[in-house]
Amino acid sequence: RNTPALVLILPLILPLPCLAAGEGGVQLSLRSTSSRHEAYLHGYDDGSFRPNGFITRAEEAQMLYNLLETKPADRAALTDVQKSDWYYDALGLLAAAGVIVPDASGCVQPNAQLTRAQFIIMLVNLFPDLPEGECNYTDLSESAPWYGAIAKATAAGWVNGYEDGSFHASERVTRAEAAAIINRALRRSADRDKVESELVIPLYSDLTSAHWAYYEILEASIGHKADRSMGSELWVETDAPRYAPGPISVGTELYYADEEGVVVRDRTVGQLTFGADGRYTSGDAEADAYVQGILAEITTADMTREEKLLAAFDYVVESYSYLRRSDAYDPGTTGWEVEEALTILRTGRGNCYCYAGIMCLIARQIGYDAKAISGTTNWTPRPHAWVEIEFDGVPYIFDPEMEMASKGKYGDHHFYMLSYDIEATLWPYEK
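Anyway, here's the lowdown on the structure attached to this text. The structure presented is a predicted model; accordingly, all values stated were derived computationally and were not measured.

**Concerning helix α5 (residues 175-185)**
Turning to step 1, where the next piece is worked out: The element α5 is extensively covered by neighbouring structure, given that eleven of its eleven residues are classed as buried.
Turning to step 2, where the next piece is worked out: Where α5 is concerned, the buried positions are Arg-175, Ala-176, Glu-177, Ala-178, Ala-179, Ala-180, Ile-181, Ile-182, Asn-183, Arg-184 and Ala-185.
Turning to step 3, where the next piece is worked out: Where the residues of α5 are buried, they touch α1 (57-66), α3 (116-125) and α7 (214-221).
Turning to step 4, where the next piece is worked out: One or two steps after α5, the chain reaches Arg-187, where phi turns positive at roughly 60°.

**Description of α3**
Turning to step 1, where the next piece is worked out: With seven of ten residues buried, α3 lies mostly within the body of the structure.
Turning to step 2, where the next piece is worked out: Within α3, the full set of buried residues consists of Arg-116, Ala-117, Phe-119, Ile-120, Met-122, Leu-123 and Val-124.
Turning to step 3, where the next piece is worked out: Looking at the buried positions of α3, the neighbouring elements they touch are α1, α4 (147-156) and α5.

**Some words on the environment of Leu-342**
Turning to step 1, where the next piece is worked out: Position of Leu-342 relative to the elements: it lies in helix α10 (residues 337-347).
Turning to step 2, where the next piece is worked out: The spatial distance from the C-alpha of Leu-342 to the C-alpha of Gly-357 is 8.2 Å, given a sequence separation of 15 residues.

**Concerning the sheet that holds strand β10 (residues 280-281)**
Two modes of strand pairing occur in sheets, parallel and antiparallel, and in both the strands are linked by backbone hydrogen bonds.
Turning to step 1, where the next piece is worked out: Strand order in the open sheet formed by three strands is β8-β9-β10, with antiparallel pairing between adjacent strands. In this open sheet, the two strands that pair with only one neighbour each are β8 (267-269) and β10.

Cut-offs applied
Residues numbered from 1 in each chain as written. Predicted model: local features only at pLDDT ≥ 70, side-chain atom pairs only at ≥ 80, totals over all residues. Heavy atoms only, no water. Buried < 20%, exposed > 50% of the residue type's maximum accessible area, 1.4 Å probe, protein only. Helix = DSSP H or I, 4+ residues; strand = E, 2+ residues; numbered from the N terminus. Contact = heavy atoms within 4.5 Å. Pairing = 2+ DSSP bridges.

Below, the structure is given as structure tokens:
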């Protein structure tokens, strides 16, 4: 299916119920949506959202619980819910209010994946004043126990069926669909201009703007002050992430935050160029794809930037072989690193310029303001290339080609992060 079910724009004339109370008698007050929209839906610890994952009863209960202005102390005794469970308060309170109805044995099956009908019933129960409605889905009979709830939600504009006129009440509801339905029930909609200007870095690792529910999910996930004075919802203030100034790695992608914690776009910072989408680019799509593939292979999310740099250096040293070439760049020549990197990436072989080129590109993708240096080395100067990175204002040498060529020839001496001091380098490095 290309078009998700349960999608319809909510008519602006529909009044928003303010109080919720089920048959349990406990009064539940929803948060006002007139000016402040709180986040009620969140991702997972691994940074994902899993938009196509199915909603469980506990998850819907927690979403609705997050929307409550007040949370009375009432908790229903549920056979299959313990006080130590993360969903204890949400399920217990909603059951006490009659929003959730346990079975005869007192069970609510918190981890059961909800059908669309079950999801709608729980949401409708939160709005006791919702008017009765009618619906004419081809696969929904008026005698079905969930017909009334689905008819109410349809009349309110919360849900709609498929293009063929069906509803699929027994099909499971996804996390993306859940966000869309609840937003419509609350008359909430994302400020797309604000999202596109402030959320340069994806909020979730598995969600892009190409997803049909992208803006619905962000509306549910980011708290904000809402202004409707101009008709459509505008985000005046948001809880969108602010970042520490400097490079930001997201998977194998690199972004950069300015001094105010805002991600830069269409800007060059030192040797690092960031495009209109905020992502770093070497300027060559082929090279970028190669480098990101390498980083995906040799790094993990829990590694520090320094650990990634060392892993990159070791990778370059061990992964390629030397290719003797007669051409060389004059000392001080710049701008050759991408071309030379592509040579070694395509063939697996290269000279010092190629080794320096690929090391430079990987270091930049990690977030280092790396420079590819064309200069000379040895006591009898000969053309050579290496990478230079500054730490606390001090430049250091990274020379993967020399490390590869020496193969332990100089004992414990290595060519990773050398100062320009002759005692550290064994021979002069001249830029």
